[in-house]
Amino acid sequence: MIITFRKSGKQAAWSEHARSLLEFAEDQGLNPDFSCRSGVCGTCSTRLVEGRVTYSEEPLDEPDPGHVLICCSRPVESVVLDL
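For the structure given in this document, a descriptive report is provided here. Treat the numbers as computed from the prediction; the structure is a model and nothing was measured.

1. Concerning the sheet that holds strand E1 (residues 2-5)
Backbone-to-backbone hydrogen bonds pair the strands of a sheet. The strands run either parallel or antiparallel.
Here is step 1 of the chain: With mixed pairing, five strands are arranged side by side in an open sheet as E2-E1-E7-E3-E5. Only two strands of the sheet have a single partner each, and these edge strands are strand E2 (10-13) and strand E5 (67-69). Averaged over all adjacent pairs, the angle separating strand axes in this sheet is 35 degrees, with direction ignored.
Here is step 2 of the chain: Pairing between strand E3 (residues 45-50) and E5: three bridges, direction antiparallel. Bridge pairing links Arg 47 to His 67 in E5.

If you want it as structure tokens, here you go:
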């Protein structure tokens, strides 16, 4: 699976060692906004341009349509994030 960070122009193959898309983004040198790392605060909400994700922990509040909480999600297929 390929993870594309559209704004930064970075692209990398997903690593199963990453616990979340947030952790994976940090591994790629990005610094996305976050606070809780557990789907509670919504600070990490990012537009999901393409693809599907699954949540390791269901978010407290569902993110806005077309958005994903990267702190507690993992890709199901290749994704494009607006980061």
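2. Some words on the side chain of Thr 46
Here is step 1 of the chain: Positionally, Thr 46 belongs in strand E3.
Here is step 2 of the chain: A polar contact is formed between the side chain of Thr 46 and the backbone oxygen of Cys 44, at a distance of 2.8 Å.
Here is step 3 of the chain: What Thr 46 contacts, discounting residues up to four positions off in sequence, is Gly 66, His 67, Val 68, Ile 70, Leu 81, Asp 82 and Leu 83.

3. Focus on the nonpolar core
Here is step 1 of the chain: Residues Ile 3, Phe 5, Leu 21, Ile 70 and Leu 81 are the most contacted members of the largest nonpolar core, which totals 22 residues.
Here is step 2 of the chain: Only E1, helix H1 (21-27), strand E4 (53-55), E5 and strand E7 (79-81) provide two or more residues apiece to this core.
Here is step 3 of the chain: The residues contacting Ile 70, other than those within four sequence positions of it, are Ser 20, Leu 21, Leu 22, Pro 32, Cys 44, Thr 46, Leu 81 and Leu 83.

4. What to know about the environment of Asp 82
Here is step 1 of the chain: Note on placement: Asp 82 falls in the segment after E7.
Here is step 2 of the chain: What makes Asp 82 buried here is its relative accessible area of 16%.
Here is step 3 of the chain: Along the primary structure Asp 82 and Asp 64 are separated by 18 residues, whereas in three dimensions their C-alpha atoms are 14 Å apart.
Here is step 4 of the chain: When near neighbours in sequence (up to four residues on either side) are disregarded, Asp 82 contacts Arg 6, Lys 7, Thr 46, Arg 47 and Val 49.

5. With respect to the pairing of E1
Here is step 1 of the chain: Here E1 pairs with E2 via four bridges, running antiparallel. Within E2, the residue paired with Ile 2 across the bridge is Ala 13.
Here is step 2 of the chain: Taking the residues that link successive antiparallel strands as the turn, the E1-E2 hairpin has four residues, and the phi of Gly 9 there is positive, at about 75 degrees.
Here is step 3 of the chain: The pairing of E1 with E7 spans three bridges and is parallel.

6. Considerations on the pattern of salt bridges
Think of it this way: side chains of opposite charge can pair up when their charged atoms draw near.
Here is step 1 of the chain: Enumeration according to the criterion identifies six salt bridges in this entry.
Here is step 2 of the chain: The partner of Asp 82 in a salt bridge is Arg 6, with the nearest N and O atoms 3.3 Å apart. Here Arg 6 lies in the loop between E1 and E2 and Asp 82 lies in the segment after E7, a separation of 76 residues in the sequence.
Here is step 3 of the chain: Taking the relative accessible area as the measure of exposure, Arg 6 reaches 43% and is therefore partly exposed.
Here is step 4 of the chain: Of the charged contacts in the structure, one is a salt bridge between Arg 74 and Glu 16, with a shortest N-O distance of 2.5 Å. Of this pair, Arg 74 sits in strand E6 (residues 73-75) while Glu 16 is found in the loop between E2 and H1, placing the two residues 58 residues apart along the sequence.
Here is step 5 of the chain: Taken together, the shared-partner salt bridges in this structure form one network comprising Arg 6, Arg 47 and Asp 82.

Cut-offs and rules
- Residues numbered from 1 in each chain as written.
- Predicted model: local features only at pLDDT ≥ 70, side-chain atom pairs only at ≥ 80, totals over all residues.
- Heavy atoms only, no water.
- Pairing = 2+ DSSP bridges.
- Helix = DSSP H or I, 4+ residues; strand = E, 2+ residues; numbered from the N terminus.
- Axes fitted to C-alpha atoms, helices over the stretch in contact; angles between N-to-C directions.
- Polar contact = N/O pair within 3.5 Å; in protein donor to acceptor, adjacent residues only side chain to side chain.
- Contact = heavy atoms within 4.5 Å.
- Core = buried A, V, L, I, M, F, W, Y, C linked by side-chain atoms within 4.5 Å.
- Buried < 20%, exposed > 50% of the residue type's maximum accessible area, 1.4 Å probe, protein only.
- Salt bridge = Lys/Arg side-chain N within 4 Å of Asp/Glu carboxyl O.

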